[in-house]
Amino acid sequence: MKRVNLFIDETAVTVEAGTTIMEAAETLGIRIPRLCYHPDLSIEGACRVCVVEVEGSRNFIPSCATPVQEGMRIRTNSPEIRQARRDLIELIIDNHPRECQTCERDGNCELQDLSYSLGVRERLFEGKRKRHDIESSSPSVIRDAEKCILCRRCIRVCSEVQGIHNLSQLYRGFDTVVAPAFESPMNDSVCIACGQCINVCPVASFLERPSTERVWEALADPSRHVVVQIAPSIRAAIGEGFGLPVGTPATGQTITALRRLGFDVVFDTNFGADLTIVEEAHEFLGRLESGRNLPMLTSCSPGWIKFLEHFYPELIPNASSCKSPMQMLSTLTKTFYAEKTGIDPARIFMVGVMPCTAKKFEIERPEHFHPSGYPYTDAVLTTRETIWMIKAYGIDFTKLPDGEFDVPLGFSSGAGDIFGTTGGVMEAALRTAAEKLTGKPLEKLEFTEVRAVEGLREASFELAGKTLNVAVANGLNNAKILLERVKSGEKSYHLLELMACPGGCIGGGGQPYPPEGHYVLDPEVIRLRARALYDIDEAKKVRKSHENPYIQKLYQEFLGEAGGSKSHELLHTTYTPRTPRGIK
Amino acid sequence: MTGTDVKTILHKDIVKFIRECLKKDHPDSYLIAVLHKVQGRYGWLSEPHMAEVAQLLQVPTATVSGVATFYHFFRLRPRGRFAISVCLGTACFVRGADEIVEAFRSELGIGMGETTQDGLFSLETSRCLGVCALAPVVMINEKVYSKVTAKQVPELIRQMQEG
Ligand code: FES
Ligand code: FES
């Protein structure tokens, strides 16, 4: 590899050819201010906040978009550069609402941070400001174009990572707006509700549709029996919101915090995950036997399912009919648990704490309502909303003692925990399916081959004289690759695990904004959160879903057989093709 | 929707053109050409037409929408029965074409590229029409009006309204 020598702020540095000025400066520990730049997305060069002075060049140069050259002499902090950056930010702020105190991202906004750190202390360019209404048609994602600074990160993540291409820049100049085609409401677009636009937005132009008020109200209503469940990935990420190092498991503290908030019962979505595995393994073995609707596609990620319905409706028959773990648990709460405790299910207010904005969409699907009209899940809070509620209450999270989940719907095997990371559903399913297929206990429980940290993995296993071809994808651009292989007949898989978000639920659209020193979708953050889940799994005695004693009891007392008629009535669901049709 | 047997709402010549584009390298680079053809036939770009272009050319609908709204040439609403086009070429401009534009705007209550609610008038500007001696000129449908003044605008509109 060719090496290039240059000087940055009088310091000699040698880097590989092709390195950008911004990256070269980082090797010296200099972080050039930036706004539109994202290390895992294409270079946009839209904001110019990253300008530097290059000797011999008449203009300031955007460092994120410019590769180094031999002998370059770069200044990152001359008075002129500092002034230019300040002016750029001032110009952006001038066309941005000054409502920081009432903004959702007050204290957690990249524009605010830049404005502070670059020393913007007065406003010199006050002028006409764009006006747009908030667009809140989607149950998951609200769009506030008035706050948009046109960095295009949302457009890039939606197309480059998710392959949805829902967003684009419409019109031009002062009228420019980022929106779905024809400026349609998000709810009438191909948006799959994953919330990655929220994650990458530097300001508050995209946010989840909040559910906090409704939850506060339910908590304050004595006639309500308020039940909460937490998704597997929450325990691996929520601590970040309270300053704990990334990857600190915080299951016990989360349970205590939820009890302090006033929830009557705390269940674990992991129980739903164990149940999903038992049902899904049963369904899968049935399909293996009949050879029909293979490969089977997992169905726990509601963003992925919406993607399937918009983009690949022809593959709907391949999707597992299992409800997601959250919906299984909610359904059981309002049936099994209600029966057992004698509580009127109409009085139960069921809350899901989820890493996911698509879950807010999922609970509004007509399939997820009790025949008498109430929803199985009443509200979904993202990890971010939950952190906010805990802080708003004044709970000192890090000082809390560990709590325990309530039984029976709060006990889970380690297989349930790993649902929260890519490959986890597959691994959990294999632990159960392999034992059912071979009739023998597994010697090794880990299927590390399917941990698709890079986004896409394929593996084959020999089980009971059969070759099982499986694959795992996270991020829907990766899912497309697998589905195209299925459609072309290039590969014959038996089971595919698909998750909408990069890294799986731990990288979900409702997870905390990255802590200092990390960036959104940072693979290191994903890795550490996954590690936390694997550690929890390894520390558990019961690590296979079908060995969860409460699951076994549930079948004996209530459900009957896996895949039986009661299971079908309560735990399985259907999907529908959706318009507008996505363009693959 | 890429199959040949699918019913399309776009005219068959346009569908044929798109199918030809699909055979070339980078079919998406023909998007603007396709949109020109659609506007050429229908006078403007409707959402259903753009959505079908997206499906047939396999370009994301948001991209089609982005391109269509970026270029002033593309019309996103049908033209009015009277398509008013004010020349903004140099000769016309120095003789007060901007005042004429302003007069039409305030009389009709519409902006550039827009059409009145009743579908009667649409307002556009054009580049030099090659009749500078008659400046400032306004074209309404195929007819050229010469030496127009802002004062005449209400009268012009009244005449058209009366048919
Ligand atoms: S960060 Fe370099 S141009 Fe925006
Ligand atoms: S400038 Fe108007 S006709 Fe030439």
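Keep in mind the model is a prediction, meaning the values are calculated, not measured. (Residues numbered from 1 in each chain as written. Chains lettered and ligands numbered in written order. Predicted model: local features only at pLDDT ≥ 70, side-chain atom pairs only at ≥ 80, totals over all residues. Heavy atoms only, no water.)

### Focus: the nonpolar core
Residues and elements named next belong to chain A.
- Of all hydrophobic cores here, the largest spans 38 residues; its most connected members are V215, F263 and F397.
- Counting only elements with at least two residues in this core, the list comes to α6 (212-220), β11 (225-230), α8 (251-261), β14 (348-354), α12 (358-362), β15 (379-382) and α13 (383-393).
- In contact with V215, other than residues within four places in its own chain, are F263, F349, V351, A379, L381 and M389.
- If you look at the next biggest cluster of nonpolar residues, it comprises 28 residues, including F311, L315, I316 and A479. (Core = buried A, V, L, I, M, F, W, Y, C linked by side-chain atoms within 4.5 Å. Buried < 20%, exposed > 50% of the residue type's maximum accessible area, 1.4 Å probe, protein only. Helix = DSSP H or I, 4+ residues; strand = E, 2+ residues; numbered from the N terminus. Contact = heavy atoms within 4.5 Å.)

### Brief notes about the layout of surface pockets
Residue and element names in this part refer to chain B.
- Here the largest pocket is characterised by a volume of approximately 1600 Å³.
- Grouping the constituent residues of the lining of the largest pocket by class yields 18 nonpolar, 9 polar and 17 charged.
- Roughly 1400 Å³ of volume is contained in the second largest pocket.
- What lines the second largest pocket is a set of 42 residues, among which H72, F74, R75, M112 and G113 lie closest to the centre.
- Residue assignment for the lining of the second largest pocket shows that the elements contributing at least two residues are α3 (47-57), α4 (61-70), β1 (82-87) and β2 (121-126).
- A per-class count over the lining of the second largest pocket returns 19 nonpolar, 11 polar and 12 charged. (1 Å grid on protein atoms, 1.4 Å probe; cavity = no way out; pocket = protein on both sides within 12 Å on 5 of 7 lines; lining within 4 Å. Points joined across faces, edges and corners; volume = space filled by probe spheres on them. Nonpolar A, V, L, I, M, F, W, Y, C, P; charged D, E, K, R; others polar.)

### Concerning helix α7 (residues 153-161) of chain B
Residue and element names in this part refer to chain B.
- Every buried residue of α7 is listed here: V153, L156, I157 and M160. Here the buried residues of α7 occupy an arc of 95° about the axis, which is enough to place them on one side.
- Positive backbone phi, approximately 85°, marks G163, located one or two places after α7. (Arc of directions from axis to C-beta.)

### Thoughts on the domain arrangement of chain A
- Domain parsing of chain A yields domain 1 (3-77), domain 2 (141-209) and domain 3 (213-511 + 519-571).
- With centres defined by C-alpha atoms, the gap from domain 1 of chain A to domain 3 of chain A works out at 43 Å. (Domains from an automatic or database assignment.)

### So, the side chain of E135 of chain A
Residue and element names in this part refer to chain A.
- Note on placement: E135 falls in strand β6 (residues 134-135).
- Of the side chains bearing the opposite charge, R143 lies closest to the buried E135, which forms no salt bridge; the N-O distance is 4.4 Å.
- In this structure the side chain of E135 is engaged in a polar contact, spanning 2.7 Å, whose partner is the side chain of S137.
- Here M186 takes part through its backbone nitrogen, which lies 2.7 Å from a polar atom of the side chain of E135.
- When neighbours within four sequence positions are excluded, E135 is seen to be in contact with V141, I142, R143, P185 and M186. (Lys, Arg positive; Asp, Glu negative; His and termini not counted. Salt bridge = Lys/Arg side-chain N within 4 Å of Asp/Glu carboxyl O. Polar contact = N/O pair within 3.5 Å; in protein donor to acceptor, adjacent residues only side chain to side chain.)

### With respect to empty space enclosed by the protein
Residue and element names in this part refer to chain A.
- Enumeration over the complete set of coordinates arrives at 8 cavities of 30 Å³ or more.
- Lining the largest cavity are 26 residues, with C300, S301, P302, K359 and C505 positioned closest to its centre.
- Tallied by class, the residues present in the lining of the largest cavity amount to 18 nonpolar, 7 polar and 1 charged.

### Observations regarding the confidence of the model for chain B
- Taken over all residues, the pLDDT of chain B has a mean of 91, while the share at 70 or more is 96%.
- Scored as a whole, the predicted complex attains pTM 0.91, and scored at its interfaces, ipTM 0.90. (pLDDT = per-residue confidence, 0-100.)

### Topic: the sheet that holds strand β2 (residues 11-16) of chain A
All names here are of chain A.
- The strand order across the open sheet built from 5 strands is β2-β1-β5-β3-β4, with neighbouring strands paired in mixed fashion. Either end of the sheet is taken by a strand with one partner, and the two such strands are β2 and β4 (61-62).
- In terms of strand pairing, strand β1 (residues 3-8) meets β2 through 6 bridges, oriented antiparallel. Counterpart to L6 in the pairing with β2 is V13. (Pairing = 2+ DSSP bridges.)

### Regarding the sheet that holds β15 of chain A
Residue and element names in this part refer to chain A.
- As summarised here, the arrangement of the 4 strands in space is β12-β11-β14-β15, forming an open sheet in which the pairing is parallel. The strands lining the two open edges of the sheet, one partner per strand, are β12 (265-268) and β15. Ignoring strand direction, the axes of neighbouring strands in this sheet form an average angle of 25°.
- As judged from the 4 bridges shared by β14 and β15, these two strands associate in the parallel manner. Residue pairing for β15: V353 is matched across the bridge by L381. (Axes fitted to C-alpha atoms, helices over the stretch in contact; angles between N-to-C directions.)

### Considerations on the interface of chain B and chain A
- Contacts between the two partners involve 18 residues from chain B and, on the opposite side, 14 residues from chain A.
- Interface area for chain B against chain A, summed over the two sides, is near 1300 Å², with a carbon-plus-sulfur share of 65%.
- Looking only at chain B, the three residues that lose the most surface to chain A are A62, T69 and F70 of chain B, adding up to 33% of its buried area.
- If you look at where chain B meets chain A, you find 0 salt bridges.
- Mapped by element, the contributors of at least two residues to the side of chain B that touches chain A are α3 and α4 of chain B.
- No other element matches α4 of chain B, which puts 7 residues into the side of chain B that touches chain A. (Buried area = accessible area lost by both parts, 1.4 Å probe.)

### Side note on the packing of helix α2 (residues 79-94) of chain A against helix α3 (residues 110-117) of chain A
All names here are of chain A.
- Where α2 meets α3, the closest approach of the two axes is 10 Å, and the angle between their N-to-C directions is 140°. What the angle tells us is that α2 and α3 run oblique. Between α2 and α3 lies a crossing of left-handed hand. Of the residues in α3, those touching α2 at I89, I92 and I93 are L111, L114 and S115. (Parallel < 35°, antiparallel > 145°, perpendicular 65-115°, else oblique. Left-handed = near helix turned anticlockwise from the far one by under 90°.)

### Quick look at a nonpolar patch on the surface
- Where nonpolar side chains cluster on the molecular surface, the patch consists of I32, F70, Y71 and F73 of chain B and spans about 360 Å² of accessible area.
- Tracing the backbone shows F73 of chain B in the loop between α4 and β1. (Patch = residues over 30% accessible without salt bridge, like charges linked within 9 Å, V, L, I, M, F, W, Y side chains within 5 Å. Areas by Shrake-Rupley, 256 points an atom, 1.4 Å probe, with all protein chains shown as cover.)

### Considering the packing of α3 of chain B against α4 of chain B
Residues and elements named next belong to chain B.
- Two numbers describe how α3 lies on α4: the axes approach to 8 Å, and their chain directions differ by 125°. By the criterion of interaxial angle, the relationship of α3 to α4 is oblique. As α3 packs across α4, the resulting crossing turns out to be right-handed. Here α3 contributes M50, A51 and A54 to the contact with α4, which in turn contributes T61, V64 and A68.

### Description of the environment of G286 of chain A
- Here G286 of chain A shows up in helix α9 (residues 269-290).
- Sequence separation between G286 of chain A and G563 of chain A is 277 residues, and the spatial gap between their C-alpha atoms is 9.7 Å.

### Focus on the packing of aromatic side chains
- Inspection of the entire model under this criterion finds 13 aromatic pairs over all chains.
- Between F336 of chain A and F558 of chain A, the aromatic rings sit 5.1 Å apart at their centres with planes inclined by 55°, giving tilted as the arrangement. Of this pair, F336 of chain A sits in helix α11 (residues 325-341) while F558 of chain A sits in helix α18 (residues 549-559), and the two are 222 residues apart along the sequence. Pair check on accessibility: F336 of chain A and F558 of chain A agree, each one buried.
- Ring pairs connect the aromatic residues W304, F307, F311 and Y312 of chain A, which therefore count as one cluster.
- Positioned over the ring face of F7 of chain A is R73 of chain A, at 4.2 Å from the centre of the ring.
- Over the aromatic face of F17 of chain B sits the side chain of K37 of chain B, whose NZ or CZ is 4.6 Å from the ring centroid. (Phe/Tyr/Trp six-rings, centres within 6.5 Å; stacked < 30°, edge-to-face > 60°. Lys NZ or Arg CZ within 6 Å of the ring centre and 35° of its normal.)

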